[in-house]
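# Descriptive analysis of the structure
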Amino acid sequence: MEQYSDPLDGIFQALADPTRRAVLARLGSGPASISDLAGPFDMALPSFMKHIHFLEGSGLIRTEKQGRVRTCTINKNRFAAIEAWMSAQRLLWEGRTDRLEQFVMAAQNKEK
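For every chain, the first residue of its written sequence is number 1, and the numbers climb from 1 along that sequence. Restriction of local features to residues with pLDDT of at least 70 applies here, the model being predicted, together with a cutoff of 80 or more for giving and counting side-chain atom pairs; totals for whole chains, interfaces and linings are based on all residues. Here the side-chain values reflect all heavy atoms present in the structure, with hydrogen atoms and water set aside.

### Digging into the overall build of the chain
Working definition: helices are DSSP H or I runs of at least four residues, strands are E runs of at least two. Numbering for both runs from the N terminus. The helix and strand inventory of the chain stands at five helices and three strands. What you see in the chain, going N to C, is helices and strands ordered as α-α-β-α-α-β-β-α. Only C-alpha atoms enter the radius of gyration; for comparison, a globular chain is expected to reach 2.2 Å times N to the power 0.38, where N is the number of residues. Whereas a compact globule of 112 residues would reach a radius of gyration of roughly 13 Å, the chain reaches 21 Å, over 25% beyond that. Principal-axis analysis of the C-alpha atoms gives the chain an extent of 75 × 30 × 20 Å. A buried classification covers 29% of the 112 residues belonging to the chain. Expressed as a percentage of contacts within the chain between residues at least 6 apart in sequence, the contacts between residues at least 24 apart total 54%. In the structure as shown, the chain presents an accessible area of about 7900 Å², 54% of it carried by carbon and sulfur atoms. Two residue types count as positive, namely Lys and Arg, and two as negative, namely Asp and Glu; His and chain ends fall outside the count. For this purpose, a charge sits on NZ of Lys, CZ of Arg, CG of Asp or CD of Glu. Put simply, the chain has 15 plus and 13 minus side-chain charges, and the middle of one group is 4 Å from the middle of the other. Residue burial is assigned from relative accessible area. The probe radius is 1.4 Å, only protein chains are included, and a residue is buried under 20% of its type maximum, exposed over 50%, and partly exposed in between. Any two residues whose heavy atoms approach within 4.5 Å are treated as being in contact. A 1.4 Å probe and the Shrake-Rupley method give the accessible areas. Residues count as covered only by the protein chains that appear here.

### Details of the pairing of strand 3 (residues 69-74)
Here, a strand pair is defined by DSSP locating no fewer than two bridges between the strands. Note that strand 1 (residues 32-33) and strand 3 share two bridges and pair antiparallel. Pairing of Ala-32 across the sheet is with Cys-72, part of strand 3. In the sheet, strand 2 (residues 61-66) pairs with strand 3 via six bridges, with the strands oriented antiparallel. Paired with Glu-64 across the bridge in strand 3 is Thr-71.

### Examining the sheet that holds strand 2
Either a parallel or an antiparallel arrangement is found when strands of a sheet pair, and the pairing is made through backbone hydrogen bonds. Taken together, three strands build an open sheet; the order of strands is 1-3-2 and the sheet is antiparallel. Each of the sheet's edge strands pairs with one partner strand only, and the pair in question is strand 1 and strand 2.

### Comments concerning helix 5 (residues 79-111)
Taking 1.5 Å of rise per residue, the 33 residues of helix 5 would be expected to cover 48 Å, and the 47 Å separating its terminal C-alpha atoms lies within 8% of that figure. Taken as a whole, helix 5 has its buried residues at Ile-82, Ala-88 and Gln-89. Helices are assigned an expected span. That span is 1.5 Å times one less than the residue count.

Right under this line is the structure:
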């Protein structure tokens, strides 16, 4: 599991904040400008930009500036790291629960 640590730390830190999760949810339906993304949030633009920079630093989004408009897009490739880690965790815990189930079944059979 150590192979996942470094990139995942930043990703999970980014996902820990509800504002950043909301930004990612919005970007899931397509690119958006910073002003469009900031609209629903009751915070100053510099505060909102900290969230954008955090998401960009974690690799979850990309930004591109054209003229005066900065557009954000979701980086779908970055979510592959999350998916790989989650799959590994799922296999680990399914194996553990399978062994627990076998243990319980064996114990119940011994009682009969």
